[in-house]
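# Report on the structure
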Amino acid sequence: MAVSCLTRALRSLSLSRPVLVSSQAAPQPKLGALVSSGAGQWRGFLTTASLEQNRTYWKQREKYSIRPMGMKKTGGRDHTGRVRTHGIGGGHKQKYRMIDFQRLRYEAPDGGRPFEEKVVEVRYDPCRSADIALVAGGNRKRWIIATETMQAGNIIKTSGVIGRMAVSANEGDAYPLGALPVGTLVNNLEVQPGRGAEYIRAAGTSGVLLRKVNGTAIVQLPSKQQVQVLETCMVTVGRVSNVDHNKRVIGKAGRNRWLGIRPSSGLWQRKGGWAGRKIKPLPPMKSYVNRPSISAA
Amino acid sequence: MLISGRRGCLLQARRHLALTCPSAAKIAPPRRPREKVEIPGLEVITYGERMHYVPGLAKPVYPPWEKDYKDPGYYKSPPAQEMALYKQKPCYVFNQRTSMLEGVRQAAWLTKTQVNSGLPPHLLTLAESLESRVEDQSERVQNAIKHARFWDTTESRPDKEKYSKTLLLNLLHLCATLQSSSSAQRRRILAENYSLAATWRRGEDLFQVRGQNGLLQCSMDALPQVCEEKDISATVDHVLETFYPVSPTIDLQKVNVYKEMNCTGFRDDYLYPHAHTLYFLESTDPQWKLKPDQFRAKMFMFAFGNALARAHKLYGTEPQSLLQRPITVQAVGSNGRIFQFLVFQLNTTDLDQDEGIKNQMWLDADVELYDFAKVRPLVKKKQVKVPAGLSGYKAEAFRKFLALYLHGAA
């Protein structure tokens, strides 16, 4: 069948007259919608297999595993193959370790009680600025973002219970926001309960629990933006590890290249309204709490 | 040819060889097939009977065809729930590739054992008495090491896997020559690649040791008891070390399809039924590399498995709080330079509860046989730090090796 496609397409090649390829090519979906417009314009046909190198198959694994897995670098290219983000490419090879951002994940499906885990190892992760910790509890091991003073051998607690009194939390423990006293430094904040931590994960960052207002809590993010979330959202206490990350000196262009950062374009471009220091008031507080509105009734 | 130039095309099926082309735009995304609505009770008219496609009629759905004959070339095993040996209660299996998180402590809890560091005292005295059996014993050992590390290959130096195995076999051969009578030698034999299986209950869980462990030396006579009765009864007071919050079943393979069997690996009429010493070599496969603590735990578990399988065969599978004759099994592990010696004594098969008599284990970890065996000398700043050849030979390791070998025979 492929041979007949090929011969049919080759037969349609003709330099003298415009080619009516569409009628012949219609039943073969592989050749695509060939457009015959103008004189002598010829579409080539595919002689290679479809390009699978842009596919992110390495990311599609559903089962959790602590084994580091090989990553494919994109170089800033998207699924079409064009550069979507400039300045990315090269750099040392990295292996991806699956991090469990949902701290309150019970091992047994019917578990509902607070549990403890032991920190086995704290190590460097090439994929992020923070360090990661291998914790083991019950029958499973998982990677989590390490906090500032986490060391091998520590016991960390995860609890989903909100008591009447605020808990005096140790660093590295995870509690819902409603259980923590106001003013604690927190990290790995999730904005919807059960969604997994998406905020305050970078090295050395921490948010501050500002106040608790009937069923919701207000947290200040490292960018001074304030966020209102439900009080059942899980959060880890303390600052994220690798605190001196922002004080590091790159030192040379080569180190940036090892990190996968390619040089920016050297062309002088007139800076627009986006450049320069801006002094403006804080944006209003962002609320992730969905309350049923009165108009819906 | 794949993505050409500045005007790269959509990958899908288009190739064009011109640099400027107005129709290098994206094609519409492929249309998803329309969703089929299932209305129960409605009889669907299909074109199956007409044997050709008719627009407007539904596509016939046929039941999946399954072979009515057995074809071993295309066999798909049934899911776990449908297998004959499927059981609701899971079993935790320790196999030769398991790397336990807590190492020896976890193995001690699983096997209800008291761990003592250092070899038992009378084995040490036996080791010292073997000091100068033959005058050139240490020279013979050094020759054995040199053969394994330097002379065994046509390349510059042999691989770790090769030299550790050669060293072990050389040392075994040496011990056999140093044995006083040949009749004692005839009561021993080496066996390799036998499959061990041992099952026991601990608490509410079922555990198994399965797999092919290293080299085994079996003998016609059982090893004598290593410690006295009063020491055995003193183990009642020993409290097993727990490691909360980690569960003791971590890292063990959890299976639902298993068979509760106890098998020493040999048939009943085997002439050398008693397991004497197990010899373990470190695996060089990077995926299954074990840390030293995990390697010792593996030695421990397999020594225990051998002892337990033997006990089940002799005394039956019913748990017994004190065996009439405790079963002793020895184990030696090596990576070519560093040796780990282990003596395990099985006193009880009643492993259900934490209280009662415990088993005992003596562990001598990280005994070096020699410091360096370099093919080329290590030179720093034009000074020789480590000379080429064998350096830093220590006789103690071989003495212990020989003591474990001759234990129960001399």
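Procedures and definitions
Residues numbered from 1 in each chain as written. Chains lettered and ligands numbered in written order. Predicted model: local features only at pLDDT ≥ 70, side-chain atom pairs only at ≥ 80, totals over all residues. Heavy atoms only, no water. Salt bridge = Lys/Arg side-chain N within 4 Å of Asp/Glu carboxyl O. Buried < 20%, exposed > 50% of the residue type's maximum accessible area, 1.4 Å probe, protein only. Helix = DSSP H or I, 4+ residues; strand = E, 2+ residues; numbered from the N terminus. Expected span 1.5 Å × (residues − 1). Core = buried A, V, L, I, M, F, W, Y, C linked by side-chain atoms within 4.5 Å. Phe/Tyr/Trp six-rings, centres within 6.5 Å; stacked < 30°, edge-to-face > 60°. Pairing = 2+ DSSP bridges. Axes fitted to C-alpha atoms, helices over the stretch in contact; angles between N-to-C directions. Contact = heavy atoms within 4.5 Å. Patch = residues over 30% accessible without salt bridge, like charges linked within 9 Å, V, L, I, M, F, W, Y side chains within 5 Å. Areas by Shrake-Rupley, 256 points an atom, 1.4 Å probe, with all protein chains shown as cover. Lys, Arg positive; Asp, Glu negative; His and termini not counted. Charge placed at Lys NZ, Arg CZ, Asp CG, Glu CD. pLDDT = per-residue confidence, 0-100.

On to the pattern of salt bridges. Here the idea is simple: oppositely charged side chains can pair when their charged atoms come close. Scanning the entire structure with this criterion turns up 29 salt bridges over all chains. Residue R105 of chain A pairs with D100 of chain A through a salt bridge whose shortest N-O separation is 2.9 Å. Since its relative accessible area comes to 7%, D100 of chain A is described here as buried. For R105 of chain B, the salt bridge goes to E102 of chain B, with nearest N and O atoms at 2.5 Å. Through salt bridges with shared partners, a single ionic network connects D100, R105, E117, R140 and R142 of chain A.

This part takes up helix 7 (residues 292–315) of chain B. All names here are of chain B. The end-to-end C-alpha distance of helix 7, which contains 24 residues, comes to 34 Å, matching closely the 34 Å that a straight helix rising 1.5 Å per residue would cover. Judged by how many residues are buried, helix 7 sits mostly within the fold: 19 of 24 residues are covered. The positive-phi residue at the C-terminal boundary of helix 7 is G316, with phi of around 90°.

In this section: the nonpolar core. Nonpolar side chains in soluble globular proteins tend to end up buried together. All names here are of chain B. Ranked by size, the top nonpolar core spans 51 residues in total, and within it W200, L278, L342, F344 and L346 carry the most contacts. Among the elements that take part in this core, helix 7 stands out by supplying 12 residues, more than any other. One finds L123, A176, W362 and V367 within the second-largest nonpolar core, a separate group that totals 43 residues.

Two measures describe an aromatic ring pair: the distance that separates the ring centres and the angle between the ring planes. All names here are of chain B. With the rule as written, the count across this model stands at 18 aromatic pairs over all chains. Centroid distance F266 to Y270: 4.3 Å. Interplanar angle 0°. Geometry classified as stacked. Here Y270 falls in the partly exposed class, since its relative accessible area comes to 24%. A ring pair is formed by F339 and F341, whose centres lie 6.1 Å apart and whose planes are at 15°; its orientation type is stacked. A relative accessible area of 0% places F341 in the buried class.

With respect to the secondary-structure elements, P193 of chain A resides in the loop between strand 8 (185–187) and strand 9 (207–213). Between the C-alpha atom of P193 of chain A and that of M234 of chain A, which follows or precedes it by 41 residues, the distance is 6.8 Å.

Residue and element names in this part refer to chain B. Taken in spatial order, the 7 strands make up an open sheet running 2-11-10-9-8-6-3, and their pairing is mixed. Sheet topology places strand 2 (113–117) and strand 3 (188–191) at the edges, where each strand pairs with a single neighbour. On average, each strand axis in the sheet is inclined to that of its neighbour by 20°, with strand direction left out of account. Pairing analysis gives 4 bridges linking strand 3 to strand 6 (residues 215–219), with the strands arranged antiparallel. Its bridge partner being in strand 6, I189 is matched across the sheet by C218. Of the strands in this sheet, strand 2 and strand 11 (359–368) touch helix 1 (residues 104–111), which is tilted by about 140° from strand 2. Against the sheet, helix 4 (residues 160–178) engages strand 3, strand 6, strand 8 (274–281) and strand 10 (338–346), with an angle of about 145° to strand 8.

Here we come to a negative patch on the surface. All names here are of chain B. A contiguous patch of negative charge, built from E155, D159, E161 and D285, is present on the exposed surface. On the secondary structure map, E155 appears in the loop between helix 3 (137–151) and helix 4. Given a relative accessible area of 57%, E155 falls into the exposed group.

Chain-level pLDDT for chain A is 84 on average; 79% of the residues reach the 70-or-more range. For the stretch residues 16–39 of chain A, pLDDT sits under 50, and the model shows 21 contacts to residues farther than four places along the chain or on other chains.

This part is about unusual backbone geometry. Here the amide bond leading from Y244 of chain B into P245 of chain B is cis, since omega sits at 5°, within 30 degrees of zero. By the secondary structure assignment, P245 of chain B is in the loop between helix 6 (229–234) and strand 7 (253–257). Of note in the backbone geometry, N188 of chain A takes a positive phi value of approximately 50° without being a glycine. In this structure, N188 of chain A sits in the loop between strand 8 and strand 9. Residue classification places N188 of chain A among the buried positions, given a relative accessible area of 8%. Even without being a glycine, M51 of chain B presents a positive backbone phi close to 70°. Along the chain, the position of M51 of chain B falls in the segment before strand 1 (86–94). According to the relative accessible area criterion, M51 of chain B is exposed, its value standing at 73%.

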